[in-house]
Amino acid sequence: MNIGSKVALVSCDSYDYDKVKEAVDKAFDLLGGLNHLLNMPKESSLLLKPNLLAKVGREKACTTDPAVFAAVGEALQESGYKNLTYGDSPGNPMVPGEKVAEECGIKDAAHRLRIPVGQFDEGLQVDFPQGRVENKFILCREVTETDGIINICKMKTHQLERITGAVKNTFGCVYGLNKSAAHARYATAEVFGKMIADLNRLLKPKLHIMDGIVAMEGNGPQSGTPKAMNLVLVSKDPVALDGLFCHLVSLNPELVPTNVSAMEQSVGTYRDIQVVTEEGILTASEAGAKYGDKSFDVQRSSGYRGTLAPLKLLAPLLEKKPIVKKALCIGCGICVSSCPLKKKAIEISEGKAVYDYSRCIKCYCCQEMCPEEAITVKKSLIARIADRNWML
Ligand code: SF4
Ligand code: SF4
């Protein structure tokens, strides 16, 4: 069976463990089974890499749900893969991944399955001379020592890249503060996407599982709204997986820089995706129509990238900027420390966060890391209308 750009799609309407395990097992079976998908010696070490962005409860839909994590871990063990570890480097380098795992329930799930946490408290430089924009990465030690990464990502919106799914989830393999440094170095969505594509070529995760049972829409990836999508997706191809995510939420996959760069660099493809379901094989559009939700709140409008000067003048009308909801801000300063600029574009003044937009590069790290959901991204009226109406 050629599993190139195939994505298995299975419906699952709750985080009840038995239902999730059945859905995950079915998804693996639809692609020929775990042994076929991994094709690795059973003694291989495998790192389970969930999304552990921030220390919040599972009900926020910010992190990979523990039921999905456990179902994948148990399925691997049942297939004979016993040499497992897990971990992630959260967005805030001051918070250890284990604490995030504890808050969302993944630590408990891992403990039940006797899967130890990996070494994420040390970074090692790994050279990648063939990188297009980055020729070295500082990776967490565990990432450098494992035989294979099992990428267990979450279906969420993202202010810089529109969505975060399988391709972007690898960013948590980068050690601690180096993630913030990367945001400063690769300040636009496009160049950041190229760096993420380089990282995917270096890491080459063995398999990608997306928790889309309850996704996050709107002000993601930390402060958005949980949205039931009732889906588990599995693929060998992270770009096909993210491409299908786009179709399921009526977003043009070509508007997602991580998709475009990863496809350019042959990480995978978002074209001609075959969606393998229990009822048969569907195209991505057919799967979108049957299983998707057009009301999913995601940025669908495209900024103007051409060269005609009169049209360029319209570009600012589609721009979006981070703003602080003063009533929610507690002045903790996490946004300031997550700003990657040497001369920060946000500061605390009279107990509240305040922007200096003349410096801000719109990387949205502050919005991503605010624990109080006090930062949102303000869109112009035209951008809001476009997001609601510019469907595939
Ligand atoms: S905006 Fe958020 S992160 Fe920044 S100081 Fe206020 S509460 Fe803290
Ligand atoms: S203020 Fe926020 S959006 Fe602006 S550069 Fe700093 S982290 Fe990025």
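Residues numbered from 1 in each chain as written. Chains lettered and ligands numbered in written order. Predicted model: local features only at pLDDT ≥ 70, side-chain atom pairs only at ≥ 80, totals over all residues. Heavy atoms only, no water.

## With respect to the overall build of the protein
Part 1: Counting secondary structure elements, the protein contains 16 helices and 15 strands.
Part 2: The globule rule puts the C-alpha radius of gyration for 392 residues at 21 Å, and the 20 Å found for the protein is close to it.
Part 3: Taking contacts inside the protein between residues at least 6 apart in sequence as the whole, the part at least 24 apart equals 74%.
Part 4: Carbon and sulfur atoms make up 51% of the accessible area of the protein, which amounts to about 16,300 Å² in all.
Part 5: Positive and negative side-chain charges of the protein, numbering 49 and 46 respectively, have mean locations separated by a distance of 6 Å. (Helix = DSSP H or I, 4+ residues; strand = E, 2+ residues; numbered from the N terminus. Rg over C-alpha atoms; globule rule 2.2 N^0.38 Å. Contact = heavy atoms within 4.5 Å. Areas by Shrake-Rupley, 256 points an atom, 1.4 Å probe, with all protein chains shown as cover. Lys, Arg positive; Asp, Glu negative; His and termini not counted. Charge placed at Lys NZ, Arg CZ, Asp CG, Glu CD.)

## Some remarks on helix 12 (residues 284-291)
Part 1: Within helix 12 the residues assigned to the buried category are A284, A287, G288 and Y291. End-on view of helix 12: buried residues confined to an arc of 105°, all on one side of the axis. Turned more than 90 degrees away from the buried face of helix 12, the exposed residues are A289 and K290.
Part 2: Next to the buried residues of helix 12 lie strand 1 (6-11), strand 9 (225-235), helix 10 (238-248), strand 10 (274-277) and strand 11 (280-283). (Buried < 20%, exposed > 50% of the residue type's maximum accessible area, 1.4 Å probe, protein only. Arc of directions from axis to C-beta.)

## Let's talk about the site of ligand 1
Part 1: Around ligand 1 lies a shell of 13 residues, among which C329, C332, G333, C335 and C370 are the nearest.
Part 2: In terms of residue class, the shell around ligand 1 is built from 10 nonpolar, 2 polar and 1 charged. (Near = heavy atom within 4 Å. Nonpolar A, V, L, I, M, F, W, Y, C, P; charged D, E, K, R; others polar.)

## Things to note about the site of ligand 2
Part 1: Close to ligand 2 lie 14 residues; C339, C360, C363, Y364 and C366 are nearest.
Part 2: Of the residues contributing to the shell around ligand 2, the split by class is 13 nonpolar, no polar and 1 charged.

## Remarks on the environment of N259
Part 1: Inspection of the secondary structure assignment puts N259 in helix 11 (residues 257-264).
Part 2: Taking the C-alpha atoms as reference points, N259 and M216, separated by 43 residues in sequence, lie 19 Å from one another.
Part 3: Filtering out sequence-adjacent residues up to four positions away, N259 remains in contact with V239, D242, G243, C246, P253 and Y270.

## Overview of the environment of K344
Part 1: Topologically, K344 is positioned in the loop between helix 14 (334-338) and strand 13 (346-349).
Part 2: Sequence-distant contacts of K344, that is, excluding residues within four places in its chain, are made with V336, S337, C339 and R359.
Part 3: A distance of 3.3 Å separates a polar side-chain atom of K344 from the backbone oxygen of V336. (Polar contact = N/O pair within 3.5 Å; in protein donor to acceptor, adjacent residues only side chain to side chain.)

## Observations regarding the domain arrangement of the protein
Many analyses report the size of an interface as the accessible area lost when the parts associate.
Part 1: Domain annotation of the protein identifies domain 1 (6-291) and domain 2 (309-389).
Part 2: Taken together, the 17 residues of domain 1 in the interface contact 18 residues of domain 2.
Part 3: Of the roughly 1,500 Å² buried at the junction of domain 1 and domain 2 (both faces included), carbon and sulfur atoms supply 49%.
Part 4: Seen at the junction of domain 1 and domain 2, the total is 1 salt bridge.
Part 5: Looking at the side of domain 1 that touches domain 2 element by element, the count peaks at 3 residues for helix 8 (residues 178-185). (Domains from an automatic or database assignment. Buried area = accessible area lost by both parts, 1.4 Å probe. Salt bridge = Lys/Arg side-chain N within 4 Å of Asp/Glu carboxyl O.)

## Observations concerning the pairing of strand 9
Part 1: Here 5 bridges tie strand 1 to strand 9, and the two strands are oriented antiparallel to one another. Residue pairing across strands places V7 opposite S235, the latter belonging to strand 9.
Part 2: Summarising the sheet, strand 8 (residues 207-217) and strand 9 pair through 9 bridges and their orientation is antiparallel. Considered in strand 9, the bridge of H208 is made with S235. (Pairing = 2+ DSSP bridges.)

## Thoughts on the pattern of salt bridges
Part 1: Here the structure, examined in full by the defined rule, presents 21 salt bridges.
Part 2: Residue E102 pairs with K99 through a salt bridge whose shortest N-O separation is 3.9 Å. Here E102 and its partner K99 are both found in helix 4 (residues 97-104), 3 residues apart, which amounts to about one turn of the helix.
Part 3: On the basis of relative accessibility, which here comes to 46%, the residue E102 falls in the partly exposed class.
Part 4: Residue K99 is classed as partly exposed on the basis of its relative accessible area of 42%.
Part 5: E279 is the partner of K290 in a salt bridge, and the nearest nitrogen-oxygen pair spans 3.9 Å. Of this pair, K290 sits in helix 12 while E279 sits in the loop between strand 10 and strand 11, placing them 11 residues apart in sequence.
Part 6: A cluster of three or more residues bridged by salt bridges with shared partners is formed by E98, K99, E102 and K107.

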